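Listed here are the chains, written in short residue letters.
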Amino acid sequence: MRLLAIADLHLRHQTTREALEALPAFPDDWLIVAGDVGESADLMRWTWRVLAPKFARLIWVPGNHDLWTLPNDPDTRRGEEKYLHLVSLCREAGVLTPEDPFPVWEGDGRRCTLAPLFLLYDYTFRPDDVAAEDAVDWAAEAEIVCADELLLHPDPYPSRPAWCAARCAAAEKRLAEIEGPTVLINHWPLRQDILTIKRVPRFSIWCGTRRTEDWHRRFDAIAEVHGHLHVRSTHRRDGVSFEEVSLGYPRDWQQERGIAPYLRQILPVPEGYADLPPRTFRHKD
């Protein structure tokens, strides 16, 4: 029994859908899907129909693409309404979400709480000399503007940072009630210093919030799981593994290998992880 993870499936691409259908079954294992399944409710329904028979349990957290409202989509739900609709689709399929009680993992003989989170970002992953109100313009100077600015609506909140603040406050209360070790699961990374987007560094403002900088220590994390960056990697901070588990767009992975090699084992902690130095390494998977 293992806890596996993957993110950023981006199933609007037929190549990836075919690879997901061909994925072997892992009937004893749990799978985390850490956001960016696709841009529509129909893709979400299709994904769970394919994956549910292959795993003992599925856990989902939303990514930014999941929350987009596309101009040509007949489903006009936006913001929180869109998110809660996706939660309802997950529940229909038996998939756990950030709105459900945190599941407890006992697969390797020790009790560990798995904490799926939905936290968004607030533009604080930026240099200290860039003001909050100037962050998007600062990124645009390098010709970087995330599509979220047009497609990810914060309704009924006045802004995405306001929605982020509300989500973080609610999550902190729930996490503070946990006794024992945790695995923190979020689409966006929880620390700015683990970003691996050297080609487009100013994209950082859409990648998380400084509010979560110390959550791995505060909430006794064994590991943190995220996606979003499309750069598979492991970072070590304070003895905790930060796992970027993206599959990505078809150009980001070797399609001839299928998806199975890209499933990252989170628990039981892989042998040797406890002895790793505080460094970063890229996963070739």
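This text follows the structure it describes.
Residues numbered from 1 in each chain as written. Predicted model: local features only at pLDDT ≥ 70, side-chain atom pairs only at ≥ 80, totals over all residues. Heavy atoms only, no water.

K.L.:
How should the nonpolar core be read in this particular structure?
P.N.:
Across soluble globular proteins, nonpolar side chains have a tendency to be buried as a group. If you look at the biggest cluster of nonpolar residues, it comprises 73 residues, and the most contacted ones within it are Trp48 and Trp60. The dominant element in this core, judged by the number of residues it contributes, is helix H2 (residues 41-51), at 7 residues. Formed by 20 residues, the second largest nonpolar core is a distinct cluster that contains Ala34, Ile59, Val61 and Leu114. (Core = buried A, V, L, I, M, F, W, Y, C linked by side-chain atoms within 4.5 Å. Buried < 20%, exposed > 50% of the residue type's maximum accessible area, 1.4 Å probe, protein only. Helix = DSSP H or I, 4+ residues; strand = E, 2+ residues; numbered from the N terminus.)

K.L.:
What is the right way to look at the pattern of salt bridges in this model?
P.N.:
Two side chains of opposite charge can pair, provided their charged atoms sit close to one another. Evaluated as defined, the whole model comprises 20 salt bridges. Across the salt bridge formed by Arg78 and Asp155, the nearest N and O atoms sit 3.0 Å from each other. Taken as a pair, Arg78 in the loop between helix H3 (64-67) and helix H4 (79-92) and Asp155 in the loop between helix H6 (148-151) and helix H7 (160-176) lie far apart in primary sequence, 77 residues in all. The closest approach of N and O atoms between Arg211 and Asp122, which form a salt bridge, is 3.9 Å. Of the two residues, Arg211 sits in the loop between strand S6 (182-185) and helix H8 (215-218) while Asp122 sits in the loop between strand S5 (112-116) and helix H5 (135-140), which places them 89 residues apart along the sequence. Among the residues examined, Arg211 registers a relative accessible area of 44% and is labelled partly exposed. Through salt bridges that share partners, Arg191, Asp193, Glu213 and Arg237 make up one connected network. (Salt bridge = Lys/Arg side-chain N within 4 Å of Asp/Glu carboxyl O.)

K.L.:
So what exactly am I meant to see when it comes to the sheet that holds strand S10 (residues 264-267) here?
P.N.:
The mixed open sheet is built from 4 strands, whose spatial order is S3-S2-S1-S10. Strands with a single pairing partner mark the edges of an open sheet, and in this sheet they are strand S3 (55-60) and S10. Going from strand to strand, the sheet's axes swing by 30° on average, the running direction of each strand aside. With 5 bridges joining them, strand S2 (residues 26-33) and S3 adopt parallel strand pairing. The residue bridging Leu31 from the neighbouring strand is Leu58, located in S3. Most of the contacts of H2 go to S3, to which it runs at about 155°, and overall it touches S2 and S3. (Pairing = 2+ DSSP bridges. Axes fitted to C-alpha atoms, helices over the stretch in contact; angles between N-to-C directions. Contact = heavy atoms within 4.5 Å.)

K.L.:
Is there a simple way to think about the side chain of Asp75 in this case?
P.N.:
Topologically, Asp75 is positioned in the loop between H3 and H4. The exposure class assigned to Asp75 is buried, which follows from its relative accessible area of 17%. Here Arg77 takes part through its side chain, which lies 3.0 Å from a polar atom of the side chain of Asp75. Setting aside anything within four residues of it in sequence, one finds Asp75 in contact with Ala41, Thr69 and His85. (Polar contact = N/O pair within 3.5 Å; in protein donor to acceptor, adjacent residues only side chain to side chain.)

K.L.:
Whenever I open this one, the environment of Phe203 confuses me. Can you help?
P.N.:
Take Phe203: it is sitting in the loop between S6 and H8. Its relative accessible area of 19% is what places Phe203 among the buried residues. C-alpha separation for the pair Phe203 and Gly180, spaced 23 residues apart in sequence, amounts to 35 Å. Excluding residues that lie within four positions of it along the chain, Phe203 makes contacts with Ile144, Cys146, Ile197 and His228.

K.L.:
Looking at this model, I keep getting lost on the environment of Pro116. Mind explaining?
P.N.:
Take Pro116: it is sitting in strand S5. Note on Pro116: relative accessible area 2%, which makes it buried. Apart from the residues lying within four places of it in its own chain, the contact partners of Pro116 are Ile59, Trp60, Val61, Thr97, Pro98, Phe102, Pro103 and Ile185.

K.L.:
Looking at this structure, how should I read the pairing of strand S9 (residues 240-244)?
P.N.:
A regular strand places its side chains on the two faces of the sheet in alternate fashion. Of all 5 residues in S9, 5 are buried, a share of seventy percent or more. Side chains Val240, Phe242 and Glu244 of S9 all project onto a buried face; the interleaved residues Ser241 and Glu243 project onto the opposite face, where all are buried too. As judged from the 4 bridges shared by strand S7 (residues 221-226) and S9, these two strands associate in the parallel manner. Bridge assignment links His226 to a residue of S9, and that residue is Glu244. Judged from the 5 bridges that link them, strand S8 (residues 233-237) and S9 form a sheet pairing that is antiparallel. By the bridge assignment for S9, His235 is matched with Phe242. From the end of S8 to the start of S9, which pair antiparallel, there are 2 residues, and Asp238 there has a positive phi angle of about 55°.

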